[in-house]
Amino acid sequence: MMHRRKSLHSPNKVELENTALPPFQPGSPMKPSQQLSTASTALLLMLSTLTAKADIPALTNDFTQPEAGEVYPGGKTSHTRRIDKWAYSHPTTHMTAERKLDFTLGKALFKRLWASAPTTTQAADGLGPLFNARACLQCHKGNGRGKPQKQTGETDPSFFLQLSLPSPIKPQKTTHTLLPEPVYGHQLQPFAIRGLPGEGDVQITYESIRVPLADDEIITLRKPHYEITQLNYGQLHPDTMMSPRIAPPLIGLGLLGAIHPQDLEALADPDDNDQNGISGRINIVWSQEHHALMPGRFGWKASTASINEQTQKAFFLDMGLSTPLFNSGAGECTPAQTDCHSLPDGNSPQYENLEAHSDIVHWTALYTRNLAVPQRRKLNDPRVLNGKQLFYQSGCTGCHHPKFITRKDPTDPEHARQLIWPYTDLLLHDMGEGLADHRPVAGASGREWRTAPLWGIGLSKTVNGNDYFLHDGRARTLLEAILWHGGEAASSRKKVVNMTRTQRADLILFIESL
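These lines cover the structure that appears in this document, whether it is placed above or below.

Before going further, it helps to examine the pattern of salt bridges. Summed over the entire model, instances satisfying the criterion amount to 19 salt bridges. Of the charged contacts in the structure, one is a salt bridge between K388 and E70, with a shortest N-O distance of 3.0 Å. Here K388 is found in helix α9 (residues 382–393), whereas its partner E70 is found in the loop between α1 (32–48) and α2 (97–111), with 318 residues between them in sequence. Put simply, D472 and R474 hold a salt bridge, and the shortest N to O gap is 2.9 Å.

Structure follows, in structure tokens:
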């Protein structure tokens, strides 16, 4: 077999960190400021197409019984199968037989263990050379959330560290353009194929913070501190910004993509015109897939517009596989990592000269868009109903918006016109200094995060034994996650702190029932 060598110069510039504007093109006749102005004009044109009319169901004020349809968070797509470790792994319920076959094929690709090139088959080689995981399933065990490493020296593929430098281009009102770290790129990759060292390891230490609650209860939070050790390719740039992430759960992603942009715009209140202290914003990002500005929905800071694009970023960053959008066979090896570029790659002419070609991306994205949300549990339990009322009265619905009706023309026909209950607004909110990573992404500042969906959250430990919460897994319980809320959520947090133990327990029971 002919060895396919990795080119030092990719055929096209790989832009991985979605920004609110198209990346600056050095060869463009326009100055950076002119390019920013042009993109801003496009943004205004896009927003002008969003009318004031939205199709958002009103919030309830009756907490004596469950609402109609509430038992099925994903509408007709919800599954009603046994609640066990496979609870996040079932397909959209009313898919056709043909579509379920496509789902099954996507599942096989999601589980595939990739190998380094060359192998006896060119259909599954091209891993790395630098990578975080060998399979999608290694990051998303049971299609659930990831976890931080528990101790020094233990590297978990579901935890990773994003890297970047501040942009030399002065940001506009809500625009941040990031640059990759010159040596290590956009993401630290601790693993490498044979003959090449990984980039480095992450050590986490925790600082204990005691939080007193009403009824003489004390909760101990843990504040993480991160250090990169054993850097194998030189020192980091002194201005490097780092932000930890754990892999998020994958259920209901296609339904989130089917929420109409008009509904997001109707919920957004960037200037807090209603003066309730909550000012959600849409993260407008540049989509490499559509070559247009679009609302970001996916990722901890809503930095990606579609599941297709998110899938390709994961193939490229996490496994070092080339895709239609990111076609370098060397993965994210930087020019400074010369040995990385000298190794064989898996780009093959019979597969579009790529490693994860368009069919692989299509089926894998279809699989992740169609993982069904499980039906609710214990809806009629008086304590759950009381917890729901406390959730509403505490103002949690100001960000965790309960329900939507999906658009009539989504990517997947099964998702059309469904009443869904994700408990998110997909908007950016300032969560305070306690959760700040000081690393802006697109329109998101270093203090802003996308509201995480809550559906299925009570089954996290059932699915993969893991119930770590928030973007970096610092919270070990749902109550700890709530107590980390600050900024726009400070008022709601205060109400939870002042609840009785019984009230807090009911609130958590409700969230766990979602």
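Position of R112 relative to the elements: it lies in the loop between α2 and β2 (130–131). In this structure, the C-alpha to C-alpha distance between R112 and C136, residues 24 residues apart in sequence, is 7.6 Å. A polar side-chain atom of R112 sits 2.8 Å from the main-chain carbonyl oxygen of A123.

Evaluated as defined, the whole model comprises 1 disulfide. Note on cysteine connectivity: C333 is disulfide-linked to C340, with sulfurs 1.6 Å apart. Neither C333 nor C340 differs from the other in exposure class; each is buried. You can see C396 has no disulfide; the closest cysteine sulfur is in C399, sitting 8.8 Å from it. Judged by its relative accessible area of 11%, C399 falls in the buried class.

In this section: the sheet that holds strand β3 (residues 159–166). Sheet architecture is open: 3 strands sit in the order β4-β3-β8, paired in antiparallel fashion. In this open sheet, the two strands that pair with only one neighbour each are β4 (178–179) and β8 (241–246). Judged from the 2 bridges that link them, β3 and β4 form a sheet pairing that is antiparallel. From the neighbouring strand, P166 faces β4, where its bridge partner is L178.

Here the focus is empty space enclosed by the protein. Under the counting rule described, the total for this entry stands at 5 cavities of 30 Å³ or more. Considered as a void within the structure, the second largest cavity measures approximately 80 Å³ in volume. As for the second largest cavity, its lining consists of N132, Q149, T155, D156, F159, F160, L161, L188, P190, G200, D201 and V202. Listing elements by their share of the lining of the second largest cavity, those giving two or more residues are β3 and β6 (201–213). Ranked by residue count, the leading element in the lining of the second largest cavity is β3, at 3 residues. For the lining of the second largest cavity, a count of residues per class yields 6 nonpolar, 4 polar and 2 charged.

Conventions adopted
- Residues numbered from 1 in each chain as written.
- Predicted model: local features only at pLDDT ≥ 70, side-chain atom pairs only at ≥ 80, totals over all residues.
- Heavy atoms only, no water.
- Salt bridge = Lys/Arg side-chain N within 4 Å of Asp/Glu carboxyl O.
- Helix = DSSP H or I, 4+ residues; strand = E, 2+ residues; numbered from the N terminus.
- Polar contact = N/O pair within 3.5 Å; in protein donor to acceptor, adjacent residues only side chain to side chain.
- Disulfide = S-S within 2.5 Å.
- Buried < 20%, exposed > 50% of the residue type's maximum accessible area, 1.4 Å probe, protein only.
- Pairing = 2+ DSSP bridges.
- 1 Å grid on protein atoms, 1.4 Å probe; cavity = no way out; pocket = protein on both sides within 12 Å on 5 of 7 lines; lining within 4 Å.
- Points joined across faces, edges and corners; volume = space filled by probe spheres on them.
- Nonpolar A, V, L, I, M, F, W, Y, C, P; charged D, E, K, R; others polar.

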